[in-house]
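Okay, here's what each chain looks like letter by letter:
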Amino acid sequence: MAKFSNNNLDMIFENIEEIMDLALDGDALSQYYLGIYYATPDCEEYDLKKAFNWFYKSAEQGMVNAQCNVGVCYANGIGVEQDYSKAIYWFVEAAKQNDETSIYNLGLSYFNGNGVVQNYEKAIYWYQKAMELGNEHAEFILALCYLNGTGVERDPKKAFKHFYNAARNEHVEACYNLAYCYEYGIGCKPSLNKALKYYEIAASKGNDYAIGRLGLYYNDNKFYEEAFECFELSA
């Protein structure tokens, strides 16, 4: 599931006394910020139960980021007993406000059957909505679905398109899979040069599979020193 939103951390720490006062007075945004404060491991008062309680107070007032975080807490048992059904409730509430992360989490929930009956078609629906809001990981998962025929008819060309779009946003796994598509002509014309380009991008971001593929290429082409470096990195 998604991590907590941690925007405005510096502002929160600099103004924590005022935020506490406003939160106690019922201000929804301050309650959300106070939840972030208690959920931050660097905080001297780090307390996940308090974080959950403040997120919940804010969520009840309709604060969308807090609603998402309450869902995350329930889904992962953070500061509260794990309860997937309650997680779904809060993700749906946040999704009504077009919250990208909650919409993605609904896709993930339907994909894995957490709190709902597993339904790949519904997962695809929510992933599609998250992708349209700019979530590159949702686009990557859609690519995998089209590649494998999960919840949709198998379509390598659509898989390639989604890998390409996600890779443009430097999604590491998408870069690796796009390179693999170029290498073997999956949904596109084969292109070793483009495959190497995207393997290198993925490798530069620490993807072990990409590093291994580069190692094989270097070894096959007798660039043994480069190959050794790659194999050592991916070991």
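One can find the structure itself at the top, above this paragraph.
Everything numeric here is computed off the predicted structure, so don't read it as measured data.

Engineer: Looking at this model, I keep getting lost on the overall build of the chain. Mind explaining?
Structural biologist: Counting secondary structure elements, the chain contains 14 helices and 0 strands. Order of helices (α) and strands (β) in the chain, N terminus to C terminus: α-α-α-α-α-α-α-α-α-α-α-α-α-α. Principal-axis analysis of the C-alpha atoms gives the chain an extent of 70 × 40 × 25 Å. The 235 residues of the chain split such that 45% are buried. Taking all contacts inside the chain whose residues are at least 6 apart in sequence as the whole, residues at least 24 apart take part in 42%. As presented, the chain carries roughly 12,600 Å² of accessible surface, and 46% of it is formed by carbon and sulfur atoms. Here the chain carries 19 positive and 33 negative side-chain charges, and the mean point of each set is 12 Å from the other.

Engineer: Can you help me understand helix H11 (residues 172–184) in this one?
Structural biologist: Residues three or four positions apart in an α-helix share a direction because the helix packs 3.6 residues into each turn. With 13 residues, H11 ought to run about 18 Å at 1.5 Å a step, and its terminal C-alpha atoms sit 19 Å apart, in line with that. Listed in full, the buried residues belonging to H11 are Ala-174, Cys-175, Tyr-176, Asn-177, Leu-178, Ala-179, Cys-181 and Tyr-182.

Engineer: Explanation requested: the environment of Val-80 in the structure shown.
Structural biologist: Considering the arrangement of structural elements, one finds Val-80 in the loop between helix H5 (64–76) and helix H6 (84–95). We classify Val-80 as partly exposed; its relative accessible area is 22%. Separated by 31 residues in sequence, Val-80 and Lys-49 have C-alpha atoms that sit 6.6 Å apart. Ignoring anything within four residues of it in the chain, the contact list for Val-80 reads Phe-52, Cys-73 and Tyr-74.

Engineer: Any chance you could explain the packing of H6 against helix H7 (residues 100–112) here in plain terms?
Structural biologist: Working note: a packed helix pair is described by the angle between its axes plus the distance between those axes. Close contact between H6 and H7 brings their axes to 8 Å; oriented N to C, the two are set at 140°. Overall, the two elements H6 and H7 adopt an arrangement that is oblique. The two elements H6 and H7 meet at a crossing, and its hand is left-handed. Residues Ile-88, Phe-91, Val-92, Ala-94 and Ala-95 of H6 touch H7, and the partners they reach there are Ser-102, Ile-103, Asn-105, Leu-106 and Ser-109.

Engineer: Looking at this structure, how should I read a negative patch on the surface?
Structural biologist: Together, Glu-17, Glu-18, Asp-21, Asp-25 and Asp-27 give the surface a local cluster of negative charge. Residue placement: Glu-17 occurs in helix H2 (residues 16–24). Owing to a relative accessible area of 65%, Glu-17 belongs among the exposed residues under this scheme.

Engineer: Is there a simple way to think about the state of the cysteines in this case?
Structural biologist: Cysteine pairs can be covalently joined through their sulfur atoms, and such a bond is termed a disulfide. What the rule picks out here adds up to 0 disulfides. We note that Cys-145 lacks a disulfide partner, and the nearest cysteine sulfur, in Cys-181, lies 14 Å from it. Residue class for Cys-145 comes out buried when judged on its relative accessible area of 2%. Left unpaired, Cys-181 is separated from the closest cysteine sulfur, that of Cys-188, by 5.8 Å.

Engineer: Even after reading the chapter, I still don't get the packing of aromatic side chains, so can you show me in this structure?
Structural biologist: Each aromatic ring pair is specified by the distance between its two centres and by the angle formed by the two planes. Tallied over the entire structure, the rule returns 20 aromatic pairs. Measuring from centroid to centroid gives 6.4 Å for Tyr-176 and Tyr-180, while their planes differ by 40°, and the two rings are tilted. Of this pair, Tyr-176 and Tyr-180 both sit in helix H11, 4 residues apart, which is roughly one turn of the helix. On the basis of an interplanar angle of 40° and a centroid distance of 5.8 Å, the ring pair of Tyr-176 and Tyr-209 is categorised as tilted. Here Tyr-176 is found in helix H11, whereas its partner Tyr-209 is found in helix H13 (residues 208–220), with 33 residues between them in sequence.

Engineer: Whenever I open this one, the environment of Phe-52 confuses me. Can you help?
Structural biologist: With respect to the helices and strands, the residue Phe-52 is situated in helix H4 (residues 48–60). Considering only alpha carbons, one finds Phe-52 and Val-117, 65 residues apart in sequence, at a separation of 26 Å. Setting aside chain neighbours within four positions, we find Phe-52 in contact with Val-70, Cys-73, Tyr-74, Ile-78, Gly-79 and Val-80.

Engineer: Just to check I follow, could you spell out the packing of helix H9 (residues 136–148) against H11 for this structure?
Structural biologist: Close contact between H9 and H11 brings their axes to 9 Å; oriented N to C, the two are set at 35°. For the pair H9 and H11, the crossing hand works out as left-handed. On H11, the residues that touch His-137, Phe-140 and Leu-144 of H9 are Glu-173, Ala-174 and Asn-177. Residues that form the contact of H9 with H11 fall into these classes: 3 nonpolar, 2 polar and 1 charged.

Here is what the cut-offs are and how they apply
- Residues numbered from 1 in each chain as written.
- Predicted model: local features only at pLDDT ≥ 70, side-chain atom pairs only at ≥ 80, totals over all residues.
- Heavy atoms only, no water.
- Helix = DSSP H or I, 4+ residues; strand = E, 2+ residues; numbered from the N terminus.
- Buried < 20%, exposed > 50% of the residue type's maximum accessible area, 1.4 Å probe, protein only.
- Contact = heavy atoms within 4.5 Å.
- Areas by Shrake-Rupley, 256 points an atom, 1.4 Å probe, with all protein chains shown as cover.
- Lys, Arg positive; Asp, Glu negative; His and termini not counted.
- Charge placed at Lys NZ, Arg CZ, Asp CG, Glu CD.
- Expected span 1.5 Å × (residues − 1).
- Axes fitted to C-alpha atoms, helices over the stretch in contact; angles between N-to-C directions.
- Parallel < 35°, antiparallel > 145°, perpendicular 65-115°, else oblique.
- Left-handed = near helix turned anticlockwise from the far one by under 90°.
- Patch = residues over 30% accessible without salt bridge, like charges linked within 9 Å, V, L, I, M, F, W, Y side chains within 5 Å.
- Salt bridge = Lys/Arg side-chain N within 4 Å of Asp/Glu carboxyl O.
- Disulfide = S-S within 2.5 Å.
- Phe/Tyr/Trp six-rings, centres within 6.5 Å; stacked < 30°, edge-to-face > 60°.
- Nonpolar A, V, L, I, M, F, W, Y, C, P; charged D, E, K, R; others polar.

Function-wise, these values are silent; they only describe arrangement.
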